[in-house]
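Summary of the model geometry
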Amino acid sequence: YVFGRAIRHTKKLIKEGRNESILGDHHMVLNDEGIVDKTTKGETKVAWSGINELKENDQYFYLYNSSLSGYILPKREFTNVEEIRNYLNTKLTN
């Protein structure tokens, strides 16, 4: 039920066209305090303590701040993926 509802809600958001801050280009900065996410519509910040889980696959890091939302970091944007993996793990365990 929850999964189906989330899909319907996402489709509705996309259809309405009010999603510039969700979809599109994002510039993310990782710093000592957390993540700064900048778009053409504004800026959001989340502290490392607000990230609940780190997952990854071959192409992306997934940083979840809830069960339904998070940040997707493309590995192709990093010159040293292992270094970033270690950095993220350090920040999320402290």
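The structure we're discussing is the one just above.
Source: prediction; values computed, not measured. (Residues numbered from 1 in each chain as written. Predicted model: local features only at pLDDT ≥ 70, side-chain atom pairs only at ≥ 80, totals over all residues. Heavy atoms only, no water.)

Let us now look at the pattern of salt bridges. A full pass over the atoms with the stated rule returns 7 salt bridges. Here Arg76 and Glu77 are joined by a salt bridge, their closest N and O atoms 3.9 Å apart. Taking the relative accessible area as the measure of exposure, Arg76 reaches 63% and is therefore exposed. One salt-bridge network, in which partners are shared between bridges, spans Glu56, Lys75, Glu82 and Arg85. (Salt bridge = Lys/Arg side-chain N within 4 Å of Asp/Glu carboxyl O. Buried < 20%, exposed > 50% of the residue type's maximum accessible area, 1.4 Å probe, protein only.)

Let's shift gears to the packing of aromatic side chains. A ring pair, where both rings are aromatic, is described by two values, the distance of the centres and the angle of the planes. Tallying each qualifying case throughout the model produces 3 aromatic pairs. With a centroid separation of 6.1 Å and an interplanar angle of 80°, the aromatic rings of Trp48 and Tyr87 are classed as edge-to-face. A residue pair is termed long-range when its members are at least 10 positions apart, and Trp48 in the loop between strand E3 (42–47) and strand E4 (53–56) and Tyr87 in helix H2 (residues 81–93) qualify at 39 residues. The buried category is assigned to Trp48, whose relative accessible area is 7%. With a centroid separation of 6.3 Å and 70° between ring planes, the pair formed by Phe61 and Phe78 is classed as edge-to-face. Of the two residues, Phe61 is situated in strand E5 (residues 60–64) and Phe78 in the loop between strand E6 (70–74) and H2; the sequence distance between them amounts to 17 residues. (Phe/Tyr/Trp six-rings, centres within 6.5 Å; stacked < 30°, edge-to-face > 60°. Helix = DSSP H or I, 4+ residues; strand = E, 2+ residues; numbered from the N terminus.)

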